[in-house]
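# Coordinates in review
Chain by chain, the residues run as shown.
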Amino acid sequence: MSISDNIHFFQNQLAGTDCRLVTVTKTHPVEKLQEAYDAGARLFGENKVQEMAAKHPELPADIEWHLIGHLQTNKVKYIAPFVHTIQSIDSLKLLLEMEKQAAKYGRVINGLLQFHIAAEETKTGLTLPEAEEILQSDAFKGLQHVRITGVMAIATNTPDETQLRREFSELRGYFELLRTRYFADAEYFREISMGMSSDYKLAIAEGSTLIRVGSAIFGAR
Ligand SMILES: *Cc1c(COP(=O)(O)O)cnc(C)c1O
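Residues numbered from 1 in each chain as written. Predicted model: local features only at pLDDT ≥ 70, side-chain atom pairs only at ≥ 80, totals over all residues. Heavy atoms only, no water.

### Overview of the site of the ligand
Around the ligand, the neighbouring residues are Val24, Lys26, Ile68, Met152, Ile154, Met196, Ser197, Arg212, Val213, Gly214, Ser215 and Arg221. Taking lysine 26, its side chain carries an N or O atom lying 2.7 Å from an oxygen atom of the ligand. At a separation of 2.5 Å, an oxygen atom of the ligand approaches a polar side-chain atom of serine 197. For the ligand, whose unbound accessible area comes to 390 Å², protein coverage reaches 90%. When its residues are assigned to classes, the shell around the ligand shows 6 nonpolar, 3 polar and 3 charged. (Near = heavy atom within 4 Å. Polar contact = N/O pair within 3.5 Å; in protein donor to acceptor, adjacent residues only side chain to side chain. Areas by Shrake-Rupley, 256 points an atom, 1.4 Å probe, with all protein chains shown as cover. Nonpolar A, V, L, I, M, F, W, Y, C, P; charged D, E, K, R; others polar.)

Structure (structure tokens):
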């Protein structure tokens, strides 16, 4: 199957749902990204700032760039002029830096709060109390160039479908709780980013609005 066939496959899988595809392009050269774009892909996910900043000028301007990897505050400036969504928000400090950099360009950058739902210790992300502490802070309420549009998480790397469903449903629960408590009138708070090549079907069944798919489109990295 070609890259283009694979993009069409996912477009068919998502037709009629509220879920969209983030094509995860990390490690792949711009020629392959262009092939995905030509097949209709518009949301691209990269996990490294330098790589995203290098690819961005080589590709069409209507791509929505999503950063999906851990972001150090001192690197926000390299992607602030163009990044659409930072899916890996894990601190107030990062939000404040996004605010500062986005303001320079007169832009609003979207962000997803990344939660820790996986069993593995190594997977980063916030707990619910940590996320609520951020949302309740005066510093957060003062942000004008950052908009929290939802939540994101990486599930445990396991074939155990019961566990995966439980984790996805946990993230959806956080989303619903935060929507009720902090974003009741905010139409823009609508994204639940979960599901990758191996588990996207379960994620969609549990309410994902953004699946992040790399290897099922481009092959193994
Ligand atoms: C690499 C990556 C993906 C895509 O993983 P695949 O298994 O290749 O689909 C999704 N989310 C994050 C955060 C990633 O780093």
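### Some thoughts on the pairing of strand 4 (residues 85–89)
Across the 5 residues that make up strand 4, a large majority, 5, are buried. The pairing of strand 3 (residues 64–67) with strand 4 spans 2 bridges and is parallel. Paired with histidine 66 across the two strands is threonine 85, which belongs to strand 4. One ladder, built from 3 bridges, connects strand 4 with strand 5 (residues 109–115); its direction is parallel. (Buried < 20%, exposed > 50% of the residue type's maximum accessible area, 1.4 Å probe, protein only. Helix = DSSP H or I, 4+ residues; strand = E, 2+ residues; numbered from the N terminus. Pairing = 2+ DSSP bridges.)

### As for the environment of proline 60
Relative to the helices and strands, proline 60 resides in the loop between helix 3 (49–55) and strand 3. We classify proline 60 as partly exposed; its relative accessible area is 21%. Separated by 78 residues in sequence, proline 60 and aspartate 138 have C-alpha atoms that sit 38 Å apart. Ignoring any residue separated from it by four or fewer positions in sequence, one finds proline 60 in contact with Gln34 and Tyr37. (Contact = heavy atoms within 4.5 Å.)

### Describing the UniProt feature "modified residue: N6-(pyridoxal phosphate)lysine" (unreviewed entry) in the protein
The positions UniProt marks with the feature "modified residue: N6-(pyridoxal phosphate)lysine" (unreviewed entry) are Lys26. Along the chain, lysine 26 turns up in the loop between strand 1 (20–24) and helix 2 (30–38). Not counting residues up to four positions away in its chain, the partners in contact with lysine 26 are Gly45, Glu46, Asn47, Glu51, Lys55 and Arg221. (UniProt positions renumbered as here; feature names shortened; annotations may be inferred.)

### Considering the nonpolar core
The tendency in soluble globular proteins is for nonpolar side chains to be buried as a group. Core analysis: the biggest nonpolar cluster contains 64 residues, and Ile86, Leu95, Met98, Leu113, Phe115 and Leu171 have the highest contact counts within it. For this core, the leading source of residues is helix 8 (residues 161–182), giving 6 residues. When near neighbours in sequence (up to four residues on either side) are disregarded, leucine 113 contacts Ile89, Leu126, Ala131, Leu135, Ile148, Gly150, Val151, Met152 and Leu178. Val22, Leu43, Leu112 and Leu210 belong to the second-largest nonpolar core, a separate cluster that totals 5 residues. (Core = buried A, V, L, I, M, F, W, Y, C linked by side-chain atoms within 4.5 Å.)

### Some remarks on the packing of helix 1 (residues 3–14) against helix 2
Following both chains from N to C, one finds helix 1 and helix 2 inclined at 45°, their axes separated by 8 Å at the closest point. Taken as axis vectors, helix 1 and helix 2 run oblique relative to one another. Where helix 1 crosses over helix 2, the two elements pack in a sense that is right-handed. In this structure, helix 1 contributes Ile3, Ser4 and Ile7 to the contact, and helix 2 contributes Lys32, Glu35 and Ala36. In terms of residue class, the contact of helix 1 with helix 2 is built from 3 nonpolar, 1 polar and 2 charged. (Axes fitted to C-alpha atoms, helices over the stretch in contact; angles between N-to-C directions. Parallel < 35°, antiparallel > 145°, perpendicular 65-115°, else oblique. Left-handed = near helix turned anticlockwise from the far one by under 90°.)

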